[in-house]
Amino acid sequence: MLQRIQTIYLLIAILLAGPVAFLVPFWAGSEDELVFLNTLLQTEELSLMVIPAAFIVSAIIAVLTLLSYKNRTKQIIYNRLNIVINFLLLGIVVYHQLKLPGGAVVSEKGIGVFIPLMIIVFLALANKAIIMDDKLVKSVDRLR
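Report on the accompanying structure. (Residues numbered from 1 in each chain as written. Predicted model: local features only at pLDDT ≥ 70, side-chain atom pairs only at ≥ 80, totals over all residues. Heavy atoms only, no water.)

What to know about the overall build of the chain
Point 1. Counting its secondary structure elements, the chain contains six helices and two strands.
Point 2. Its helices and strands in sequence order give the chain the pattern α-β-β-α-α-α-α-α, from N to C terminus.
Point 3. Surface exposure of the chain reaches about 8300 Å², of which carbon and sulfur atoms provide 71%. (Helix = DSSP H or I, 4+ residues; strand = E, 2+ residues; numbered from the N terminus. Areas by Shrake-Rupley, 256 points an atom, 1.4 Å probe, with all protein chains shown as cover.)

Details of the environment of Ala124
Point 1. With respect to the helices and strands, Ala124 occurs in helix H6 (residues 114-143).
Point 2. Classification of Ala124 as partly exposed rests on a relative accessible area of 38%.
Point 3. Each C-alpha atom, one on Ala124 and one on Ile83, is 7.6 Å from the other, the two residues being 41 residues apart in sequence. (Buried < 20%, exposed > 50% of the residue type's maximum accessible area, 1.4 Å probe, protein only.)

Looking at the packing of aromatic side chains
Point 1. Scanning the entire structure with this criterion turns up one aromatic pair.
Point 2. Relative to Phe122, the ring of Tyr9 has its centre 6.3 Å away and its plane inclined at 35 degrees; by these criteria the two rings are tilted. You can see Tyr9 sitting in helix H1 (residues 5-23) and its partner Phe122 sitting in helix H6, a full 113 residues away along the chain. (Phe/Tyr/Trp six-rings, centres within 6.5 Å; stacked < 30°, edge-to-face > 60°.)

Overview of the packing of helix H3 (residues 46-67) against helix H4 (residues 72-99)
Point 1. At a minimum axis separation of 9 Å, H3 and H4 run at an interaxial angle of 160 degrees. It follows from the interaxial angle that H3 and H4 lie roughly antiparallel. The handedness of the crossing between H3 and H4 is left-handed.
Point 2. Broken down by class, the residue content of the contact of H3 with H4 amounts to 16 nonpolar, eight polar and no charged. (Axes fitted to C-alpha atoms, helices over the stretch in contact; angles between N-to-C directions. Parallel < 35°, antiparallel > 145°, perpendicular 65-115°, else oblique. Left-handed = near helix turned anticlockwise from the far one by under 90°. Nonpolar A, V, L, I, M, F, W, Y, C, P; charged D, E, K, R; others polar.)

Quick look at a nonpolar patch on the surface
Point 1. Side chains of Ile5, Ile8, Leu11 and Ile12 sit close together on the surface and give an oily, nonpolar patch of about 290 Å² of accessible area.
Point 2. By the element assignment, Ile12 lies in helix H1. (Patch = residues over 30% accessible without salt bridge, like charges linked within 9 Å, V, L, I, M, F, W, Y side chains within 5 Å. Salt bridge = Lys/Arg side-chain N within 4 Å of Asp/Glu carboxyl O.)

Considerations on the environment of Pro52
Point 1. Looking at where Pro52 falls in the secondary structure, it is placed in helix H3.
Point 2. Discounting residues that sit within four places of it in the chain, Pro52 has contacts with Phe22, Leu37, Leu40 and Leu41. (Contact = heavy atoms within 4.5 Å.)

Digging into H1
Point 1. With 19 residues, H1 extends 26 Å from end C-alpha to end C-alpha; this agrees with the ideal 27 Å at 1.5 Å per step.
Point 2. The largest bend in H1 is about 40 degrees, located at Leu16, with the proline Pro19 one to four residues further on.
Point 3. For H1, the complete set of buried residues consists of Gln6, Thr7, Leu10, Ala13, Ile14, Leu16, Ala17, Gly18, Ala21 and Phe22. (Expected span 1.5 Å × (residues − 1). Bend = angle between axes of the 7 residues up to and from the residue.)

Concerning the pattern of salt bridges
Point 1. On inspection of all chains with the given rule, the structure shows three salt bridges.
Point 2. The shortest N-O distance in the salt bridge between Asp134 and Arg72 comes to 3.0 Å. Taken together, the residues span a long stretch of sequence, with Asp134 in helix H6 and Arg72 in helix H4 at a distance of 62 residues. The same class applies to Asp134 as to Arg72, namely buried.

Next comes the structure, spelled out in C-alpha cells:
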C-alpha cells in the first residue's frame, strides 16, 4: 500500500483537509483578528459552519479512499466525490472571501482559500495514479 504514489498523494490530501486546515488562518475578521476553522464552528451562520464540516468530510472520504486500496474502482469513485466536495468548498470559501470588506486581496485575507485548491490537485494526481495502476493490472490480466 505505501509503495504506491497515490498513497502519498492521498496522505497529503488528508493532512491538508484535516490538521493543516484547522491550523491555518482563513481570513482576517473585524479589527484584523484572524479567523480559524475552530471559530467558524462556533458561529450562528449556517453557511460559515459548512466550511469546517466540509473539510472534515473531505478528510474522512480521503481516509476511506486510502483504506480501500484493494478496490481501485471504489477509490476512483471516492476521489471524484471528494473532488466535487472540494470544488463546492472552494466556491463557498471564495464567496465568503469576496463578501468580506476590502475585496479579494489574499495577503489580507489569509491562505486558507488555497487549501481546497491544493486538495483538489493532490486528489486529481492520486486519481490519475490509480487509473494508471488499474490499467497496468488489467493489461497483466490480459496476458494470463
